[in-house]
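Secondary and tertiary structure notes
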Amino acid sequence: MTRSYAIALAAAGSATLLIAAFAFQHLGGVPPCKLCIWQRYPHVIAIVIGLIALRVQSGILIALGALAALLTAGIGAFHVGVEQGWWEGPTTCTSGPVGGLSADALLDQIMTAPLVRCDDIAWELLGISMAGWNALLSLGLVALWLTALRRA
């Protein structure tokens, strides 16, 4: 496996996981909680790093890609712990923009916002939640980034 191929696979893996998360949200009607959203940011970063690293073959960029994948795996693992009740998750909720809203419009937004708890498992496959799958698959992406780092 060449360095470029490993980088492309790792970036494509992050893109696939991100697309799957949006598909669950928009097509499957599974709104994300705060931790679900946090897991998406490192995937976006890994995709951008992957695109740049395909043009500029830099060990530092590849290491940053591995770090981004490791970060989303860590957030996913933390989320699994919240789902299992091993520790507490965030105590705040997410909301839409509130700038320029009247008091009535703000109240309406609050009242119609879906309540999405981080400790509820919205979907699982083979006894593993979406957060668990993200953690496991992202560790595989870390391995791809590290493979790219080892290739000359």
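The structure contained in this document is the topic of the report that follows. (Residues numbered from 1 in each chain as written. Predicted model: local features only at pLDDT ≥ 70, side-chain atom pairs only at ≥ 80, totals over all residues. Heavy atoms only, no water.)

Let's shift gears to the packing of helix α3 (residues 59-84) against helix α5 (residues 130-150). Between α3 and α5, the shortest axis-to-axis distance is 8 Å and the interhelical angle comes to 165 degrees. Here α5 runs roughly antiparallel to α3, going by the angle between their axes. In terms of crossing hand, the pair formed by α3 and α5 is left-handed. The class makeup of the residues in the contact of α3 with α5 is 17 nonpolar, eight polar and one charged. (Axes fitted to C-alpha atoms, helices over the stretch in contact; angles between N-to-C directions. Helix = DSSP H or I, 4+ residues; strand = E, 2+ residues; numbered from the N terminus. Parallel < 35°, antiparallel > 145°, perpendicular 65-115°, else oblique. Left-handed = near helix turned anticlockwise from the far one by under 90°. Nonpolar A, V, L, I, M, F, W, Y, C, P; charged D, E, K, R; others polar.)

This part is about the layout of surface pockets. Estimated volume of the second largest pocket: approximately 350 Å³. At the level of secondary structure, the elements contributing two or more residues to the lining of the second largest pocket comprise α1 (3-26), α2 (34-55) and α5. In the lining of the second largest pocket, the residues fall into 15 nonpolar, three polar and one charged. (1 Å grid on protein atoms, 1.4 Å probe; cavity = no way out; pocket = protein on both sides within 12 Å on 5 of 7 lines; lining within 4 Å. Points joined across faces, edges and corners; volume = space filled by probe spheres on them.)

What follows concerns the state of the cysteines. Among covalent bonds in proteins, the disulfide is the one between the sulfur atoms of two cysteines. Counting across every chain of the model gives zero disulfides. Looking at C36, it has no disulfide partner, and the nearest cysteine sulfur is the one in C33, 3.4 Å off. (Disulfide = S-S within 2.5 Å.)

Take the nonpolar core next. Ranked by internal contacts, the top residues of the largest apolar core, which has 17 residues, are I7, A53, I62, A69, L141, W145 and A148. Where this core is concerned, the elements lending two or more residues are α1, α2, α3 and α5. Filtering out sequence-adjacent residues up to four positions away, L141 remains in contact with L9, A10, G13, S14, L17, H43 and A69. (Core = buried A, V, L, I, M, F, W, Y, C linked by side-chain atoms within 4.5 Å. Buried < 20%, exposed > 50% of the residue type's maximum accessible area, 1.4 Å probe, protein only. Contact = heavy atoms within 4.5 Å.)

Taken as a whole and judged by the stated rule, the model has two aromatic pairs. Consider the rings of F78 and W87, whose centres lie 5.9 Å apart with planes at 15 degrees: the pair is stacked. By relative accessible area, which is 39% here, W87 ends up partly exposed. With a centroid separation of 6.0 Å and 65 degrees between ring planes, the pair formed by W86 and W87 is classed as edge-to-face. On the accessibility criterion, W86 (57% relative accessible area) is exposed. In this structure an aromatic cluster arises from ring pairing among F78, W86 and W87. The cationic tip of R40 hangs over the ring face of F22; the distance from NZ or CZ to the ring centre is 4.6 Å. (Phe/Tyr/Trp six-rings, centres within 6.5 Å; stacked < 30°, edge-to-face > 60°. Lys NZ or Arg CZ within 6 Å of the ring centre and 35° of its normal.)

With 26 residues, α3 should reach 38 Å at 1.5 Å per residue; the first-to-last C-alpha distance of 37 Å fits that figure. One side-chain oxygen at the N-terminal end of α3 lies 3.3 Å from the backbone nitrogen of I60; it belongs to S58. With its phi angle positive at about 80 degrees, G85 sits one or two positions after the end of α3. (Expected span 1.5 Å × (residues − 1). Polar contact = N/O pair within 3.5 Å; in protein donor to acceptor, adjacent residues only side chain to side chain.)

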